[in-house]
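A structural walkthrough
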Amino acid sequence: MKRFLVNKSTVSTPVSTDKSITTNVMNLTPTDAKQSESSFDEEVFDISNNIDEQAVQPSIYLFPRRMIYNKYRSFNSSWYSKYPWIEYSKQKDRIYCYYCRHFAINVSNTSGQQVFIKQGYCDWKRITDCTIKHQNSAIHKLSLEKYKAYKTSKTSGAVSCQVNNFTQQQILKNRDVLKSLIRMALYCARQDISLRGHRNEKLQISDDNHSTSNSSVSVTTEIEHYRNQGNFLELVKLSSLENKNFESNLMSLPKNAKYTSNLIQNDILEAAAIVVGRSIVNEIKKGSHVFSIIADEARDIGKEEQMSLCIRYVSDCIIKERFLGFILLKDLDAQSLCNTIHKFLVSINLDITKCIAQSYDGASVMSGCNNGVQAKIRELSKNACPYVHCYAHRLNLVLVDTAKKVEALDEIIGLLEAIYAFQSFSTIRHNAFIQAQKDCGKIIEVPQHCETRWVSKYKGVHFFKSKFKCVIVALTECSKNSKKKEAAEARGLLHQFSSFHVILTLFYLDDILGIINNLSVYLQKSSLDIIKCLKLVKSTTILLQNMRNEDKFNKLFDESVIAAQELNITIPCNQTATTSLSMPRRKMNLPSKLNNSYVYSTVGKNNSLKFQTVNEKDEIRHQYFEIIDTIIREMNSRFDENIGILTAVDACDPNSSNFMDIEKLKYLVNIYGQDNMCNMETIASQSILVKNMFENTTINIVELHKELTIMKPAFQEINEIVTRVLVIPVTSATAERSFSAMRRIKTYLRSTMTSERLHNTAILSIERELSGQLIQDPTSVINEFATSKNRRLSFSL
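This structure is a prediction, so every number in the text was calculated from the model and none was measured.

Considering the pattern of salt bridges
Taken as a whole and judged by the stated rule, the model has 27 salt bridges. A salt bridge links aspartate 192 to arginine 744, with the nearest nitrogen and oxygen atoms 2.9 Å apart. Of this pair, aspartate 192 sits in the loop between helix 6 (159-190) and strand 5 (205-207) while arginine 744 sits in helix 28 (residues 733-745), and the two are 552 residues apart along the sequence. Overall, aspartate 192 belongs to the buried group, its relative accessible area being 16%. For arginine 744, a relative accessible area of 46% corresponds to the partly exposed category. Residue lysine 746 pairs with glutamate 304 through a salt bridge whose shortest N-O separation is 3.2 Å. Taken as a pair, lysine 746 in the loop between helix 28 and helix 29 (755-766) and glutamate 304 in the loop between strand 7 (291-299) and strand 8 (305-315) lie far apart in primary sequence, 442 residues in all.

Shown next, in the form of structure tokens:
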């Protein structure tokens, strides 16, 4: 300690100018030096004694002046503002460090900092250098942090509480960053765009605040901008530009826990998909408790068979059909498909015994009544679980069978398909069809025909009917092509198309398919109940029957004549056809008793065989009636399947004459078991009350269900019956619509996508209502993400 004293032999000699605190020598007189030496270890009473007292900083005081380096100097009170940590002792005429006096520990004599803790400092000439050096020392900085923590603890509680608060704040910051990342991933999934490509570069974070003994790097931290990092990472960069708070929080995360990697993206999508699936299951359990399954299969771009599994239930008195996910199929036999469905339902916590109906297409592996999927699901569900063949597929099969049985219809459709194929073969032909429509109103592409969607033929028929003249102009232009093959093909199509028979056929097909198209559109609605479906089918059949009369045909015929005259097309009506038997042109109108006979007569000298005179209008009329008769016959045949349950559900229709018929209700009870719906006596008494209340009203079955739900304590059993009727599916259109989303998601650019990622992305894309709620509030996704795996950072509050 005496090394801080002034040597008596050097009092009259200026001290060294070394800036080290340990070698500073105060220019004191011998008397002062002796006083200092004796008082260094004396206790100072006029400065703060504990940390709860303020630093002593007297400002109105006549500070003593002493000779220091040949000049009288004294303490200056302006130094308080520059160095707020100092406090002044009048007793010693020295300054001390307020923070270090109360919080510094283990300060060695050689550290050079004790002068501000015990001895005090009074070299007013070099005070700036010494105070700055002390202020930048590790001991002072540590003491300052302890002081701040102590002051915080006085207001915020103990250190343990502060640690907990800090941890909570850190978790909130982590959740805030993750919330933004989840929204970016959900945005990409909902918009059917990829999050990344297999060649995208990773998000590079450069930590420039790192230096070695040999080099130093600029102190900046930024996101490196590369050419393309994928949609997700590009959204991260964009959000960082728009939201500086997000950028700073992201940059503050550890380099090994930025949560932007491809694995984290997959985890986010999986967590969101689990939350959506859980929401659907909760809706079922809070709503109807029972459900029906809808399934269909299709092959994706990666040549893998995917099963789309959907579910139908009632929630809040609303019929809902939800997409549950895609399931990769390894085997396509009935038992494997059944096991796949059952395993998936178990994985999402759905009891298959609550399945009361099922709907698939007409494939034998699905619809087989003995060994098909429907039979095996019925065994697992332990109830009748009726199978409903998709009504949209039935309607399509009606038209397919009609075309097979009516040759004239098949020929016309074939001609329209040939024209479409001709114009789509090259850009020049396509442009010719576009140019021909410029003066005919709105330009429309020639509709493509679909072999498995016969109702789509309506668009083609309607196009060729309304754009008949344009098609003739386009084919005429193409027939002038210098390429002989193309010109010959165009002339052949033009010759077949520009006939009165084609015009008339297009006119009546447009009317017939227009009516059927309305039914097809209704059959694809997810909220359609089976009673409304049966009414629509019946109404369509009646409309077709009303079209089968002479007046309707004559009206269509007259309209066709006007159209043909405008196009200068010959109308071959009331002409006779005389041709040899070896080359017949048309069928003869024969009595029914001669269906298996040929009618002919000998005319002329050569006794050659000739057909009878046939009126072409009569022939077309016969074709028109034949098409309508065939469609009605096929509809009656195909839509009469499940006749037992269809008759029974009629008892739940308030507008039916069989409303609340006890015998029909009994049939429904027997299907699902009396244990589930109490006894028949209770149902009979309730049905009488319901019939008296709603028999003469105009409400439908959905509105009836709402009323019964309101009065559920009085009509619990009847309400259960009506609920099951509403849950019975009508079509598998919901499953088929999911394949459109699958083709948007798993494209040729994303053909290596795994089935798990396809499932997670598809459910977020298709169930936009539920995934939209997650974008608004991703809290549930954050919680699922945090608990699914061990994370480097903490996200659980």
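Quick word on the side chain of arginine 621
Examined against the element boundaries, arginine 621 turns out to sit in helix 22 (residues 616-638). Since its relative accessible area comes to 15%, arginine 621 is described here as buried. Ignoring anything within four residues of it in the chain, the contact list for arginine 621 reads Glu550, Phe553 and Asn554.

Examining the sheet that holds strand 8
Taken together, the five strands give an open sheet; going across it, the order is 9-8-7-10-11, and neighbouring strands pair in mixed fashion. In this open sheet, the two strands that pair with only one neighbour each are strand 9 (318-328) and strand 11 (387-389). Here the strands of the sheet are splayed against their neighbours by 25 degrees on average, with no regard to which way each runs. Inspection of the sheet shows strand 7 paired to strand 10 (residues 355-360) by four bridges, in the parallel sense. The residue of strand 10 that forms the bridge with phenylalanine 291 is cysteine 355.

Details of helix 10 (residues 334-347)
Under the 1.5 Å per step criterion, the end-to-end length of helix 10 is 20 Å for 14 residues, consistent within 8% with the ideal 20 Å. By the burial criterion, the buried members of helix 10 are Ala334, Ser336, Leu337, Cys338, Ile341, Phe344 and Leu345. In this structure, the buried side of helix 10 is in contact with strand 7, strand 8, strand 9, helix 11 (364-367), helix 12 (373-381) and helix 29. Directly beyond the C-terminal end of helix 10, a positive phi value near 70 degrees is found at asparagine 349.

A few points about unusual backbone geometry
For aspartate 192, which is not glycine, the phi torsion reads 60 degrees and is therefore positive. With phi around 60 degrees, asparagine 568 is a residue other than glycine that occupies positive phi space. With respect to the helices and strands, asparagine 568 occurs in the loop between helix 21 (550-566) and strand 12 (601-603). By relative accessible area, asparagine 568 is classed as exposed at 72%.

A few points about helix 21
Compared with the 24 Å implied by 1.5 Å per residue over 17 residues, the 24 Å span of helix 21 between its first and last C-alpha is a close match. Taken together, the buried positions of helix 21 are occupied by Phe553, Leu556, Phe557, Ser560, Val561, Ala563 and Ala564. End-on, the buried residues of helix 21 take up no more than an arc of 165 degrees, which puts them together on one face. Within helix 21, the exposed residues directed more than 90 degrees away from the buried face are Asp551 and Glu566. Capping the start of helix 21, asparagine 549 holds a side-chain oxygen 3.2 Å from the backbone nitrogen of aspartate 551, two or three residues further along. Positive phi shows up at asparagine 568, right after helix 21, with a value of about 60 degrees.

A word on the packing of aromatic side chains
The geometry of an aromatic ring pair comes down to the distance between the two centres and the angle between the two planes. A complete count under the given rule lists 32 aromatic pairs for this structure. An angle of 25 degrees between the planes, with centres 4.8 Å apart, marks the rings of phenylalanine 75 and tyrosine 88 as stacked. With phenylalanine 75 in the loop between strand 2 (72-73) and helix 2 (79-82) and tyrosine 88 in strand 3 (residues 86-89), this residue pair connects regions lying 13 residues apart in the sequence. Across the pair, exposure class does not vary: phenylalanine 75 and tyrosine 88 are buried alike. Note on phenylalanine 553 and phenylalanine 625: the rings are 6.5 Å apart at their centroids and 55 degrees apart in plane angle, and the pair reads as tilted. Of this pair, phenylalanine 553 sits in helix 21 while phenylalanine 625 sits in helix 22, and the two are 72 residues apart along the sequence. Here phenylalanine 625 falls in the buried class, since its relative accessible area comes to 11%. A connected cluster of aromatic rings, assembled from ring pairs, spans Tyr61, Phe63, Phe75, Trp79, Tyr80, Tyr88 and Trp124. We note lysine 465 situated over the ring of phenylalanine 507; from NZ or CZ to the ring centre the distance is 4.8 Å.

Criteria and cut-off values
Residues numbered from 1 in each chain as written. Predicted model: local features only at pLDDT ≥ 70, side-chain atom pairs only at ≥ 80, totals over all residues. Heavy atoms only, no water. Salt bridge = Lys/Arg side-chain N within 4 Å of Asp/Glu carboxyl O. Helix = DSSP H or I, 4+ residues; strand = E, 2+ residues; numbered from the N terminus. Buried < 20%, exposed > 50% of the residue type's maximum accessible area, 1.4 Å probe, protein only. Contact = heavy atoms within 4.5 Å. Pairing = 2+ DSSP bridges. Axes fitted to C-alpha atoms, helices over the stretch in contact; angles between N-to-C directions. Expected span 1.5 Å × (residues − 1). Arc of directions from axis to C-beta. Polar contact = N/O pair within 3.5 Å; in protein donor to acceptor, adjacent residues only side chain to side chain. Phe/Tyr/Trp six-rings, centres within 6.5 Å; stacked < 30°, edge-to-face > 60°. Lys NZ or Arg CZ within 6 Å of the ring centre and 35° of its normal.

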